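Here are the chains, one letter per residue:
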Amino acid sequence: MANFIERMCLYLVLVLSVFLSIIQAVDRSNFKTCDQSAFCSRQRAMKPGQSSYRALLETLELSDSHLTVQLLNNNNKVLLLLELYRLQGNMTRVKINELKPVKPRYEVPDVLITDPPTELMSVVAQDEHRVVLSLGGEDWRLILSAQPFRLDIMEGPQVLLSLNSRGLLAFEQLRIRKDTISHKISSTVGSMWDKIKSVFSSKSQTDTKEAGEKEDTEKHDKEKVSEGEEAEEEVDQPGMWEETFKTHADTKPNGPSSISLDFSLPGVEHVYGIPEHADGLRLKNTDGGDPYRLYNLDVFQYELFNPMALYGAVPVLLSHNTHRTMGLFWLNAAETWVDVSSGQGSSEVPQTDVRWISESGIIDVFIMLGPRPNDVFTQYASLTGTQAFPPLSSLAYHQCRWNYNDQEDVSAVDQGFDEHDIPYDFIWLDIEHTDGKRYFTWDNNKFPQPKDMLQGLLDKRRKMVTIVDPHIKVDSSYKIHTEIRSRGYYIKNKDGGDYEGWCWPGNAGYPDFTNPEMRKWWASMFAYGQYEGSMENLYTWNDMNEPSVFNGPEVTMHKDALHGPWEHRDVHNLYGFYVQMATAEGQIQRSGGLERPFVLTRAFFAGSQRYGAVWTGDNAAEWGHLKMSIPMCLSLGLVGISFCGADVGGFFKTPSAELLVRWYQAGAYQPFFRAHAHLDTPRREPWLFGPDNTALIREAVRQRYTLLPYWYLQFYHAQRTGQPVMRPLWVEYPEDIATFSIDDEFLIGRDLLVHPVTDERSSGVTAYLPGNGEVWYDVHTFQRHDGAQNLSIPVTMSSIPVFQRGGSIICRKNRVRRSSSCMENDPYTLYVALDSQGNAEGELYIDDGHTFKHETDKQFIHRRLSFTANSLSSSDLSPDSQFPSASWVEQVNILGAQKPDAVTLTTTDGGESSVEFAFDPDTAVLTLRKPGMNAGVNWTLHLR
């Protein structure tokens, strides 16, 4: 019987997957709107007005690290505790919690990399209406107004940000249900007399208990309510204690617990961030529609230009105008909705109002005051960390589909890349490679010798990724399941049993990754002795980690499931974060702490950048999805997650040859470059669309490989500073209003501008080249263009409009081989793009490409390249580091140059030699051939 049920479950899952593969778009009825979410609907019904909260200034306490003051709700007389912190780096932290909750409320752990260091706050002025605090400097002030409660952050006379100025602070306190006692009356007594006796008995006990509870409540209320004030009785509303969506009931034993707070940003019209949504870069006004939703969900073939939730959630919003960039980090892992309202403030200046609504937890918000974009990135990085520095090979090209059938298929695809002279570094295996969807295993019929397969790839200096999902097949013969169950590491249902749901294996359990012991055990499973068939060139893909539960509410876990003392509703958006954390740690541990991990995740949260890469999920082979890959990755970069990409070609449906080529051309200039496809789509390896299209795809991939030194440098800087790798134009041109809404082109670092062709049958694009007084060079033709203009560019199928900023030096490796590792010791070509003054500068970074030795042993090369006064020089940016490199400089191309009479090379030993050169007067490009200096030493080239 058990086997029959299991087979039926598997059959139903198969039917579900087939059904999903043939429908055309997301079934929106599977996912809640705000009106269908009780807490969102309840909070949103509260309209702007005078706040019901006042600050009791007589309770104010100021210490060396922070200020505390109690807030009183004038209606229900509940007291909250406000904590204010002035943080190092021009940030302010605001925490609001119940003063004395009936049980602790969830506060997000593990996301902050450290307890943020504070700076001294001082009171500048105080009366019965307000307190004025210094935030450092003469002009920086925080004003705490008492009645109604409000916070204003000022710079001189200018209000930078106001908190609760619209009176939308709301804090639903945890409570004991009023009718709890009635549920205790026995329903099993047969006779009326017994029932009557039971009622009287219960009444007696109830009176006693209620008297005790009343005494406790009165004592509690005396601490809450000022003398002579009466609390208004709160009326229960639908959904406070239980709500139903479709057939799923959500019980709430502690009642309503949602929170809300509004922020006003005078002078601001443009806000960004709060990914993940399939929408434009600039956040839209949500008045009259749904708010943006942050709730990690497995959304099939998502709609475009929609605020509905997707796979990841980063509750960080950036505001920007010509004078200042600021950020808000709402540290809450529960389901969250964000309303954005843009218009005019009271003084007819632009203003954007932002309202955050979360289902549970506390208010814990970090206000990052910039003032420049890079300052906000640094501030946020100081809180949640920077992008993990990936292995260099992971920045190359990845080939994936659901699924490569067997070892012979893997070998044939691998050979196909060689035969068609297309480089690649990683080949991926989806769920079908396992033994019946049992992760950490192999299908013995299809992959009988995984180590031989991996060794074959390793011999070509290539690698593999296998999928390891966090739903575990319930099977008493499956070691992973039996160990998790015996250790008590599964998430529990509301009744205390192991939570189970349907996913790819059929009936599955879900490990509790919020438990550090579970994460430690999971990491240990990646050891070579535990994960049979694994080798050092095998890496990991964490999918379905929202978590996805096919038969759960909104295709995810019931909110009343239990993670130790906490409900799933409290921790939901952290689940994928913890899965990737544990997996990355497992990869590090298996190498004894030597090798950098590579882990791709679909679900993510603030701080996920510390553990690897993300992608934009199950997109479709449509032109709109190609376009949307740009703002989706730009939004992720703004909130710290630089290692982002989209499935090249689209996961669902079948791309035309034109769409596939254009997607390769765009993907080659996005941080994570992977082709992927659904099980039911035709095969689409790059050589299957005819020789002309194969050549176009080959050229796009080769362009990626030539630029790997530049990509690697950008990720080195991202890991050190938190600056995004792929960034909107306004980040580098913050005063240029024309850049504020552009999301069809982008910068890689500071120096490459990319405008992919994303329209069908396009014969031209218009690219905006920013920077008044700057110049840009077409990287293919070397033609020079002035900045601060819209440039019309004719395009053919081979066109990828890319421009190098004048004033920059970019290092490439133009000898493309079958994998990035094969290019390790190959020479560099320098592209020196002169600005209008004839100067340029850049950097070169080299290490072993895969270990932590750049951190532990300072084994790396970091050099500054500078062109000024007709001399190009290389100097050491890290004199205390050392790394032997066989790479040398084989060519230098100087764009925007004049023809010299001679070129000489001076090296550190004082030697001087002539360098062969050629000058093209039509393009103004000076080419220096084979100067021959090692990439890691000091040298100077003189143009005379």
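All figures in this text were calculated on a predicted structure; none of them were measured in a lab.

What counts as what
Residues numbered from 1 in each chain as written. Predicted model: local features only at pLDDT ≥ 70, side-chain atom pairs only at ≥ 80, totals over all residues. Heavy atoms only, no water. Buried < 20%, exposed > 50% of the residue type's maximum accessible area, 1.4 Å probe, protein only. Helix = DSSP H or I, 4+ residues; strand = E, 2+ residues; numbered from the N terminus. Pairing = 2+ DSSP bridges. Right-handed = clockwise from strand over helix to strand, strands pointing away. Domains from an automatic or database assignment. Buried area = accessible area lost by both parts, 1.4 Å probe. Salt bridge = Lys/Arg side-chain N within 4 Å of Asp/Glu carboxyl O. Nonpolar A, V, L, I, M, F, W, Y, C, P; charged D, E, K, R; others polar. UniProt positions renumbered as here; feature names shortened; annotations may be inferred. Axes fitted to C-alpha atoms, helices over the stretch in contact; angles between N-to-C directions. Contact = heavy atoms within 4.5 Å. Core = buried A, V, L, I, M, F, W, Y, C linked by side-chain atoms within 4.5 Å. Disulfide = S-S within 2.5 Å. 1 Å grid on protein atoms, 1.4 Å probe; cavity = no way out; pocket = protein on both sides within 12 Å on 5 of 7 lines; lining within 4 Å. Points joined across faces, edges and corners; volume = space filled by probe spheres on them. pLDDT = per-residue confidence, 0-100.

Quick word on the pairing of strand β22 (residues 426–429)
- A two-sided burial pattern is seen for β22, the buried positions comprising Phe426 and Trp428 on one face and Ile427 and Leu429 on the other.
- With two bridges connecting them, strand β21 (residues 397–399) and β22 associate as parallel partners. By the bridge assignment for β22, Gln399 is matched with Ile427.
- The handedness of the β21 to β22 crossover, carried by helix α5 (residues 407–419), is right-handed.
- Judged from the four bridges that link them, β22 and strand β23 (residues 463–467) form a sheet pairing that is parallel. Bridging across to β23, Ile427 finds its partner in Met464.

With respect to the domain arrangement of the protein chain
- As assigned here, the protein chain comprises domain 1 (44–172 + 255–371), domain 2 (392–469 + 517–558 + 566–731) and domain 3 (743–943).
- For domain 1 and domain 2, the distance between their C-alpha centres works out to 35 Å.
- Carbon and sulfur atoms supply 63% of the area that domain 1 and domain 2 bury against each other, a total of about 4,000 Å² over both sides.
- The tally of links between domain 1 and domain 2 comes to four salt bridges.
- Between Asp110 and Arg519 there is a salt bridge; the shortest N-O distance is 3.9 Å.
- Every element with two or more residues in the side of domain 1 that touches domain 2 is listed here: β14 (270–273), β15 (292–294), β16 (316–320) and β17 (325–330).
- In terms of residues, the side of domain 1 that touches domain 2 owes the most to one element, β16, which gives three residues.
- When its residues are assigned to classes, the side of domain 1 that touches domain 2 shows 28 nonpolar, eleven polar and eight charged.

Re the UniProt feature "domain: Glycoside hydrolase family 31 TIM barrel" (unreviewed entry) in the protein chain
- Taking the UniProt record as the reference, the feature "domain: Glycoside hydrolase family 31 TIM barrel" (unreviewed entry) is found at residues 388–712.
- Regarding residues 388–712, the helix share stands at 34% and the strand share at 14%, and the terminal C-alpha atoms are separated by 12 Å.

Observations regarding the pattern of salt bridges
- As enumerated under the stated definition, the model contains 55 salt bridges in all.
- Note that Asp298 and Arg602 form a salt bridge whose closest N and O atoms lie 3.3 Å from each other. Residue Asp298 is found in the loop between β15 and β16, and its partner Arg602 is found in the loop between β30 (599–601) and β31 (613–615); the two are separated by 304 residues along the sequence.
- When its relative accessible area of 1% is taken as the criterion, Arg602 is described as buried.
- We note a salt bridge from Asp543 to Arg602, for which the minimum N-O separation is 3.1 Å. Taken as a pair, Asp543 in the loop between β27 (538–542) and β28 (562–563) and Arg602 in the loop between β30 and β31 lie far apart in primary sequence, 59 residues in all.
- Connected through salt bridges with shared partners, the residues Asp250, Arg293, Glu335, Glu359, Glu554, Lys559, Glu567 and Arg569 form a single ionic network.

Things to note about the sheet that holds strand β4 (residues 91–98)
- Spatially, eight strands are ordered β1-β2-β3-β4-β20-β17-β16-β14 in an open sheet, and the strand pairing comes out antiparallel. At either margin of the open sheet sits one strand with a lone partner, and together these are β1 (53–62) and β14. Sheet twist, expressed as the mean angle between neighbouring strand axes with direction ignored, is 20°.
- Judged from the four bridges that link them, β14 and β16 form a sheet pairing that is antiparallel. Paired with Val271 across the two strands is Ser319, which belongs to β16.
- Strands β3 (79–87), β4, β16, β17 and β20 (363–368) of the sheet are contacted by helix α4 (residues 373–384), whose axis makes an angle of about 25° with β17.

Section: the environment of Ser41
- If you trace the backbone, Ser41 turns up in helix α2 (residues 38–44).
- Between the alpha carbons of Ser41 and Gly640 there is a distance of 31 Å; along the sequence they are 599 residues apart.
- Sequence-distant contacts of Ser41, defined by excluding residues within four places in its chain, comprise Cys34 and Asp35.

Digging into the UniProt feature "domain: Glycosyl hydrolase family 31 C-terminal" (unreviewed entry) in the protein chain
- In the numbering used here, UniProt assigns the "domain: Glycosyl hydrolase family 31 C-terminal" (unreviewed entry) feature to residues 722–810.
- End-to-end, the C-alpha atoms of residues 722–810 are 21 Å apart, and along that stretch the chain is 4% helix and 38% strand.

Observations concerning the nonpolar core
- The biggest cluster of nonpolar side chains holds 169 residues, and the ones touching the most others in it are Phe329, Met464, Trp522 and Tyr664.
- Residue contributions to this core peak at nine residues, all from helix α11 (residues 623–638).
- Contacts of Tyr664, omitting those with residues within four sequence positions, involve Tyr397, Gln399, Val648, Phe673, Ala675, Pro686, Ile697, Ala700 and Val701.
- One finds Leu160, Leu163, Leu265 and Leu317 within the second-largest nonpolar core, a separate group that totals 52 residues.

Notes on the state of the cysteines
- Within this structure, the stated rule accounts for two disulfides.
- Each sulfur of the disulfide joining Cys34 and Cys40 lies 2.0 Å from the other. Sign of the S-S torsion, about -100° for the bond between Cys34 and Cys40, identifies this disulfide as left-handed.
- Classification of Cys34 as buried rests on a relative accessible area of 1%.
- Disulfide pairing is shown between Cys633 and Cys644; the S-S distance is 2.1 Å. Taking the torsion about the sulfur-sulfur bond, which here is approximately -75°, the covalent link between Cys633 and Cys644 counts as left-handed. With Cys633 in helix α11 and Cys644 in strand β32 (residues 644–645), this pair connects stretches of sequence that are eleven residues apart. Residue Cys633 shares its accessibility class with Cys644, and that shared class is buried.

What about the sheet that holds strand β39 (residues 775–778)?
- Strand order in the open sheet formed by six strands is β35-β36-β37-β42-β39-β40, with antiparallel pairing between adjacent strands. Of all the strands in the sheet, just β35 (726–727) and β40 (784–786) have a single pairing partner and so form its edges.
- Sheet analysis places strand β36 (residues 746–748) next to strand β37 (residues 752–754), joined by three bridges and oriented antiparallel. Looking across to β37, one finds that Ile748 is bridged to Leu752.

Quick notes on empty space enclosed by the protein
- Throughout the structure, instances matching the rule amount to nine cavities of 30 Å³ or more.
- Here the largest cavity is characterised by a volume of approximately 110 Å³.
- Elements with a minimum of two residues in the lining of the largest cavity: β11 (242–245) and β12 (248–251).
- When the residues that make up the lining of the largest cavity are grouped by side-chain class, the tally is five nonpolar, four polar and five charged.
- Roughly 80 Å³ of internal volume is contained in the second largest cavity.
- What lines the second largest cavity is a set of 13 residues, among which Gly273, Pro275, His277, Gly280 and Ser635 lie closest to the centre.
- Of the residues forming the lining of the second largest cavity, the biggest block, three residues, is contributed by α11.
- Looking at the lining of the second largest cavity residue by residue, the class counts come to seven nonpolar, four polar and two charged.
- The two domains that each donate at least three residues to the lining of the second largest cavity are domain 1 (44–172 + 255–371) and domain 2 (392–469 + 517–558 + 566–731).

Considerations on the confidence of the model for the protein chain
- Here the protein chain shows a mean pLDDT of 93. Residues at 70 or above account for 92%.
- Predicted confidence for residues 1–23 stays below pLDDT 50, and this span has 19 contacts to residues more than four positions away or in other chains.

Brief notes about the pairing of strand β26 (residues 506–509)
- Pairing between strand β24 (residues 472–473) and β26: two bridges, direction antiparallel. Along β26, the bridge assignment pairs Lys473 with Ala508.
- Taken together, the four bridges between strand β25 (residues 500–503) and β26 define a ladder with antiparallel strand orientation. Across the sheet, the residue bridging to Cys503 is Gly506, located in β26.
- Linkage of β25 to β26, two consecutive antiparallel strands, is achieved through a turn of two residues.

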